[in-house]
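The primary structure of each chain is shown beneath.
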Amino acid sequence: MILNLPIQQKKVLLFSVVNDKNYEEMIRLLVLSDCFEEVIVTSAGGSRASDVTQVSKMFSEGKDWTVSVLCDVKEAFQYGMQIRGERMLVVAGSLYLAGTVRSLCEEEM
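Draft legend 1. The nonpolar core, seen in detail. Residues Leu13, Phe15, Ile27, Phe36, Val55 and Phe59 are the most contacted members of the largest nonpolar core, which totals 17 residues. Secondary structure elements with two or more residues in this core: strand E1 (11–15), helix H1 (23–33), strand E2 (38–41) and helix H2 (52–60). Residues in contact with Val55, not counting those within four places in the same chain, are Phe15, Val17, Tyr23, Ile27, Val41 and Ser50. Core analysis: the second largest hydrophobic core is formed by 11 residues, Val12, Leu14, Ile40 and Leu104 among them.

Laid out in C-alpha cells, this is it:
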C-alpha cells in the first residue's frame, strides 16, 4: 500500500474493512503515514464486515486524534462530507465501501 496524497492538504479518512483481510497492517500504515487529522470508521461488507469497535480502537492506540464510528455507510459518508470543510475526504479500506460511496455520489448527481 502506497499513499500518494498531497502532504500539505489536511485530510479526513473514511475507513471500513472486511474481517478476512490483514487490516491490522493497513491501519498501522495509515496511522504511521500521518496523512490524516481525523478518522471515521464505518461498516461495509455485510457478514464479512469487521468489528467497528475493534477497528476504531486500533486507530486510537498511540495517536491523539478524533476517531468516530458510524455503522451506516451513508451516514458516515454524509458526516464526513459535513465535517471535512476545506479538507480532503479519503475513502479507503474496502472495495465494498468504495462501491457504496460511489453509488451515493452518483445519486447526488
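Anyway, onward from the coordinates.
Draft legend 2. A look at the pattern of salt bridges. Taken as a whole and judged by the stated rule, the model has six salt bridges. Among the salt bridges present, the one from Asp20 reaches Arg48, with a minimum N-O distance of 2.8 Å. In this pair, Asp20 is assigned in the loop between E1 and H1 and Arg48 in the loop between E2 and H2, connecting sequence segments 28 residues apart. The salt bridge involving Arg102 is made with Glu106; its shortest N-O contact spans 3.2 Å. With Arg102 and Glu106 both in helix H4 (residues 95–108) and four residues apart, this pair spans about one turn of that helix. Since its relative accessible area comes to 58%, Arg102 is described here as exposed.

Draft legend 3. Highlighting the pairing of E2. In E2, alternate side chains face the same way, and those of Glu38 and Ile40 on one face and Val39 and Val41 on the other are all buried. Bridge count for E1 against E2 is four bridges, and the pairing is parallel. Residue pairing for E2: Leu14 is matched across the bridge by Ile40. Taken together, the four bridges between E2 and strand E3 (residues 66–69) define a ladder with parallel strand orientation. In the strand pairing of E3, Ile40 is matched with Ser68. The parallel pair E2 and E3, bridged by H2, forms a crossover whose chirality is right-handed.

Draft legend 4. Expanded view of the packing of H1 against H2. Where H1 contacts H2, the two axes come as close as 9 Å, and the packing angle between them is 35°. By crossing handedness, the relation of H1 to H2 is classed as right-handed. Note on element contacts: H2 touches H1 through Gln54, Val55, Met58 and Phe59, opposite Tyr23, Glu24, Ile27, Leu30 and Val31. Looking at the contact of H1 with H2, its residues break down into seven nonpolar, one polar and one charged.

Draft legend 5. Layout of H2. Turning to H2, its buried residues are Val52, Val55, Ser56, Met58 and Phe59. On an axial view of H2, the arc spanned by its buried residues comes to 155°, and they lie on one face. Against E1, H1, E2 and E3 lie the buried residues of H2. Two or three places before Thr53, at the opening of H2, Asp51 has a side-chain oxygen 2.7 Å from that residue's backbone nitrogen.

Draft legend 6. The arrangement of the sheet that holds strand E4 (residues 88–92) in detail. If you walk across this open sheet you meet the four strands as E3-E2-E1-E4, and the pairing is parallel. Where the open sheet ends on each side, the last strands, each with one partner, are E3 and E4. If you compare each strand with its neighbour and ignore which way they point, the axes differ by 20° on average. Each of E1, E2, E3 and E4 is contacted by helix H3 (residues 73–84), which is oriented at about 165° to E2, the strand it contacts most.

Reading the values: the criteria
- Residues numbered from 1 in each chain as written.
- Predicted model: local features only at pLDDT ≥ 70, side-chain atom pairs only at ≥ 80, totals over all residues.
- Heavy atoms only, no water.
- Core = buried A, V, L, I, M, F, W, Y, C linked by side-chain atoms within 4.5 Å.
- Buried < 20%, exposed > 50% of the residue type's maximum accessible area, 1.4 Å probe, protein only.
- Helix = DSSP H or I, 4+ residues; strand = E, 2+ residues; numbered from the N terminus.
- Contact = heavy atoms within 4.5 Å.
- Salt bridge = Lys/Arg side-chain N within 4 Å of Asp/Glu carboxyl O.
- Pairing = 2+ DSSP bridges.
- Right-handed = clockwise from strand over helix to strand, strands pointing away.
- Axes fitted to C-alpha atoms, helices over the stretch in contact; angles between N-to-C directions.
- Left-handed = near helix turned anticlockwise from the far one by under 90°.
- Nonpolar A, V, L, I, M, F, W, Y, C, P; charged D, E, K, R; others polar.
- Arc of directions from axis to C-beta.
- Polar contact = N/O pair within 3.5 Å; in protein donor to acceptor, adjacent residues only side chain to side chain.

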